[in-house]
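These are the residues of each chain, in order.
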2 protein chains.
Amino acid sequence: MNPLPMFRYNWQIRDEWLEGLAALPEEEWTKPRVGGHRTMLRTLAHIVAVEHEWITTVQGVPDVNHDLDDYPTPEAVKRFSDECRPTVESFLLDWGPDKETGTFEASIGGKTVPIKYAEAVGHLIAHEIHHAGQLSVWAREAGMTPPSPDVVFRGLF
Amino acid sequence: MNPLPMFRYNWQIRDEWLEGLAALPEEEWTKPRVGGHRTMLRTLAHIVAVEHEWITTVQGVPDVNHDLDDYPTPEAVKRFSDECRPTVESFLLDWGPDKETGTFEASIGGKTVPIKYAEAVGHLIAHEIHHAGQLSVWAREAGMTPPSPDVVFRGLF
């Protein structure tokens, strides 16, 4: 499976989340929640940051670290997401048999560990879906209908 | 990407969820929750049912439908999951270039629609992760530490 359609799935839903949050009163997206990254907004900024930090690591770019406090509104998280997306997308457009089975070196906790490209990419796909699942519970608590989590019938494959 | 490691990821975590639920008092897994399938237990039974119903549909087996009320305990859901898994796994072990790009016909709401194998498989991967994200919020409400959602460092790829 080429991983790009699953990233595009996440990006569609991410944009729907950010639109949905922008339509809610600020106190809903800054309200402390159990689990995730404290608030709905910070959880969305965290999704963007983790995806970008991992993909730059995979590409060998040293130490990209984002501060979630830099994105205090849904509009700011949307701009952040739009800025990071081309880097991630161009990495995935370049996916091929070498990536399917290959390994890169990541520095984690001061140690260098080998990680498979497919494992890292699977991690990022699951990471966003997991947090979007959490967001869907908080959204219903806030009276918002969450975006559909369905992959099928989006024309992505 | 071969989809099997992502299914194995979901199955590992599913088993951890079912063990975790079995260790909680019954009122926690039968308590009504906002979102998902009403309770933690029914949401887990729903994950198993949807995966098995989709894969049998993909294989052309007509109308497999499970009743979530048939699985009233974590142990019953675990048995249900164990019974369904070989069908799903053998389908995925047979994954290859024909599945990567091929299409099957599904009957949805009385209409026959073409769906790509990769799309259906991506849908099932996301479906379980989405619900596990919801479960993680409810678990924390119940005082349970949810299983780690990390894909990396599980030796699955």
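The coordinates are above.
Computed from a predicted model, the values in this text were never measured in an experiment.

Here we take up the overall build of chain A. If you tally the helices and strands in chain A, you get six helices and two strands. Going from N to C terminus, chain A has its helices and strands arranged as α-α-α-α-α-β-β-α. Relative to its length of 157 residues, chain A is compact, with a C-alpha radius of gyration of 16 Å against a globular reference of 15 Å. With the C-alpha coordinates aligned to their principal axes, the bounding extent of chain A is approximately 45 × 40 × 25 Å. Looking at chain A as a whole, 56% of its 157 residues are labelled buried. Here chain A carries 14 positive and 24 negative side-chain charges, and the mean point of each set is 3 Å from the other.

With that settled, the discussion passes to the interface of chain B and chain A. Listed as interface residues are 38 residues of chain B and, on the opposing side, 38 residues of chain A. Together chain B and chain A conceal approximately 3,100 Å² of surface at their shared face, both sides included; 73% is due to carbon and sulfur atoms. Counting the surface chain B buries against chain A, the share from its top three residues, Met1(B), Glu119(B) and Phe157(B), is 22%. Linking chain B with chain A are eight residue pairs in polar contact (both at pLDDT 80 or more). The element contributing the most residues to the side of chain B that touches chain A is helix α6 (residues 117-141) of chain B, with 17 residues. Among the residues forming the side of chain B that touches chain A, the class breakdown is 23 nonpolar, eight polar and seven charged.

Before going further, it helps to spend a moment on the pairing of strand β2 (residues 111-116) of chain A. All names here are of chain A. Judged from the six bridges that link them, strand β1 (residues 103-108) and β2 form a sheet pairing that is antiparallel. Looking across to β2, one finds that Glu105 is bridged to Pro114. Hairpin connection, β1 to β2: the antiparallel pair is bridged by two residues, and Gly109 has positive phi, about 55°.

Reading the values: rules and limits
- Residues numbered from 1 in each chain as written.
- Chains lettered and ligands numbered in written order.
- Predicted model: local features only at pLDDT ≥ 70, side-chain atom pairs only at ≥ 80, totals over all residues.
- Heavy atoms only, no water.
- Helix = DSSP H or I, 4+ residues; strand = E, 2+ residues; numbered from the N terminus.
- Rg over C-alpha atoms; globule rule 2.2 N^0.38 Å.
- Buried < 20%, exposed > 50% of the residue type's maximum accessible area, 1.4 Å probe, protein only.
- Lys, Arg positive; Asp, Glu negative; His and termini not counted.
- Charge placed at Lys NZ, Arg CZ, Asp CG, Glu CD.
- Contact = heavy atoms within 4.5 Å.
- Buried area = accessible area lost by both parts, 1.4 Å probe.
- Polar contact = N/O pair within 3.5 Å; in protein donor to acceptor, adjacent residues only side chain to side chain.
- Nonpolar A, V, L, I, M, F, W, Y, C, P; charged D, E, K, R; others polar.
- Pairing = 2+ DSSP bridges.

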